[in-house]
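# Observations on chain architecture
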Amino acid sequence: MGHQPFKTWLFSEEPLEPDQEAALQAHLDSCESCRSLSADWVEVRNLFTRSGPVGPAPGFPTRWQARLAVQESKARREIEQEVNILFIGVTSGIALILLMAILAAGIIIFDSPSQYLMTGLYSLGNIINSLKAFENILVVMAQVLPGVVPASGWIVFIVLVSLLGVAWTYVLQKILVPRRTTS
Amino acid sequence: MQEKEVEWLTKAQAGDGDAFGQLVETYQIPVFNLCYRMLGNAQEAEDAAQETFLRAYNSMKSYDRQKPFSTWLLSIAAHYSIDQIRRRRMTLVPFEALPYQDLPDLAPTPEAAVTKIEEQRRVRDLLETLSPTDRAAVVMYYWHDLSYTQIAEALDLTESAVKSRLHRARVEMAKSWTYQSSRHSIQERSQNGSPAF
């Protein structure tokens, strides 16, 4: 005797028609394997009913918050790295373009490479002389200022510099320390 | 959907972390249960449940409010767990090789706890015989009371595919029951120091 459609009906969760129900019962009375399968399925169903849903260990939301904080901090670091890489790339690109432009201008303006080189060296000398002059100005100011600026002026200056230091530390902390997103 | 939940969902979609925290509190058991039934291990289920909520948090904006939040969440959990099972197979870790970890607060008395643990182990052994997708369909149907349509939506299947997978899974589990019952009774006799062993 065939086991279909009884096997399908046996495992169906939909309610059967009365005639289907009767036919299935008649089949089960005569078929040992289907009867055994039916009994096993009833056991499985009962086991599912008995073993209800299981929950996580206490404190799951707190552990999730901690994991979220780690993930957000990681994501922030990745964004910072990307921004840094982008900044380095853009500045390097600009520097390269400027260098190419200077080289191209030199080739157009000057008749020979030696003339180009000599002009470059002359410009470098000028820069060094300017720095030297600036250093001299600083030395003179260091000698003159203590006599000119009163003590109260120095106090105000030191206080302002200290306040700037505090503001700088606060801004750095705001940027670097991760914020809680949820309670 | 309850009024409170609608409010949390609205706020969470607007980026309110506190509101999403309330949703985690509310749905921790169904999500953990699905992951636990799928993976059969409490530690892995904890990781999977946390990952599910992280993924949901990150894609809250794409959640369609016309559909139940629980189904959307369980869909994420099921897909993640299926991926984990497939990855586990790639690294050749059999299901039985995983340590069976007891769940907290299973029962009030030690005797009841032992019975509960035994039940959970039997459920795990039964679900183990199924493919990951069939397992997800069975868990959604029997533990979460999802309809065929909701399961089909959650698992990206057609409704008829869900029905056929569930039928196949029921037959498979009924067939495994007898074999597992005899195996469990042998194990019990062995543990109790029966003279036969």
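Residues numbered from 1 in each chain as written. Chains lettered and ligands numbered in written order. Predicted model: local features only at pLDDT ≥ 70, side-chain atom pairs only at ≥ 80, totals over all residues. Heavy atoms only, no water.

### Description of the overall build of chain A
- Within chain A, the regular secondary structure consists of 6 helices and 0 strands.
- By the compact-globule yardstick of 16 Å for 183 residues, chain A is too spread out, its C-alpha radius of gyration being 42 Å.
- Looking at the 183 residues of chain A, the share that counts as buried comes to 15%.
- In chain A, the proportion of contacts linking residues at least 24 apart, taken out of those at least 6 apart, comes to 48%. (Helix = DSSP H or I, 4+ residues; strand = E, 2+ residues; numbered from the N terminus. Rg over C-alpha atoms; globule rule 2.2 N^0.38 Å. Buried < 20%, exposed > 50% of the residue type's maximum accessible area, 1.4 Å probe, protein only. Contact = heavy atoms within 4.5 Å.)

### Some words on the overall build of chain B
- Across its full length, chain B holds 8 helices and 0 strands.
- Beginning at the N terminus, the succession of helices and strands in chain B can be written as α-α-α-α-α-α-α-α.
- A burial count over chain B gives 51% of its 197 residues as buried.
- In chain B, the proportion of contacts linking residues at least 24 apart, taken out of those at least 6 apart, comes to 66%.

### Quick word on the nonpolar core
- In terms of nonpolar packing, the biggest core is built from 77 residues, with Phe20, Phe69, Val138 and Met173 of chain B touching the most fellow members.
- The element contributing the most residues to this core is helix H2 (residues 17-39) of chain B, with 12 residues. (Core = buried A, V, L, I, M, F, W, Y, C linked by side-chain atoms within 4.5 Å.)

### Some words on a nonpolar patch on the surface
All names here are of chain A.
- On the surface, a cluster of nonpolar side chains totalling about 1100 Å² of accessible area is made up of Phe134, Ile137, Leu138, Val140, Met141, Val144, Leu145, Val148, Trp154, Phe157, Ile158 and Val161.
- With 8 residues, helix H5 (residues 113-148) is the largest single contributor of residues to the nonpolar patch.
- Inspection of the secondary structure puts Ile158 in helix H6 (residues 151-176). (Patch = residues over 30% accessible without salt bridge, like charges linked within 9 Å, V, L, I, M, F, W, Y side chains within 5 Å. Areas by Shrake-Rupley, 256 points an atom, 1.4 Å probe, with all protein chains shown as cover. Salt bridge = Lys/Arg side-chain N within 4 Å of Asp/Glu carboxyl O.)

### Describing the interface of chain B and chain A
- On the side of chain A, 33 residues touch chain B, which itself brings 43 residues to the contact.
- Where chain B abuts chain A, roughly 3600 Å² becomes buried across the two surfaces, and 66% of that area is made up of carbon and sulfur atoms.
- Considering only the side of chain B, the residues that lose the most area to chain A are Gln50, Leu54 and Trp177 of chain B, jointly responsible for 16% of the buried surface there.
- Across the chain B-chain A interface, the total number found is 5 salt bridges. (Buried area = accessible area lost by both parts, 1.4 Å probe.)

### Considerations on the environment of Lys67 of chain B
- Structurally, the position occupied by Lys67 of chain B is in the loop between helix H3 (42-58) and helix H4 (69-90).
- Taking the C-alpha atoms as reference points, Lys67 of chain B and Gln150 of chain B, 83 residues apart in sequence, are found 9.4 Å from one another.

### Points about the pattern of salt bridges
- Enumeration according to the criterion identifies 14 salt bridges over all chains in this entry.
- Across the pair Arg55 of chain B and Glu51 of chain B runs a salt bridge, and its minimum N-O distance is 3.2 Å. Highlighted residues: Arg55 of chain B and Glu51 of chain B, both in helix H3, separated by 4 residues, approximately one helical turn.
- Take Arg55 of chain B: its relative accessible area is 38%, and that puts it in the partly exposed class.
- Between Asp134 of chain B and Arg165 of chain B there is a salt bridge, with the nearest N and O atoms lying 2.6 Å from each other. Of the two residues, Asp134 of chain B sits in helix H6 (residues 132-142) while Arg165 of chain B sits in helix H8 (residues 159-191), which places them 31 residues apart along the sequence.
- Judged by relative accessible area, Asp134 of chain B falls into the buried class, the value being 4%.
- Beyond isolated ion pairs, a larger network of salt bridges with shared partners links Arg67 of chain A together with Asp47, Glu51 and Arg55 of chain B.

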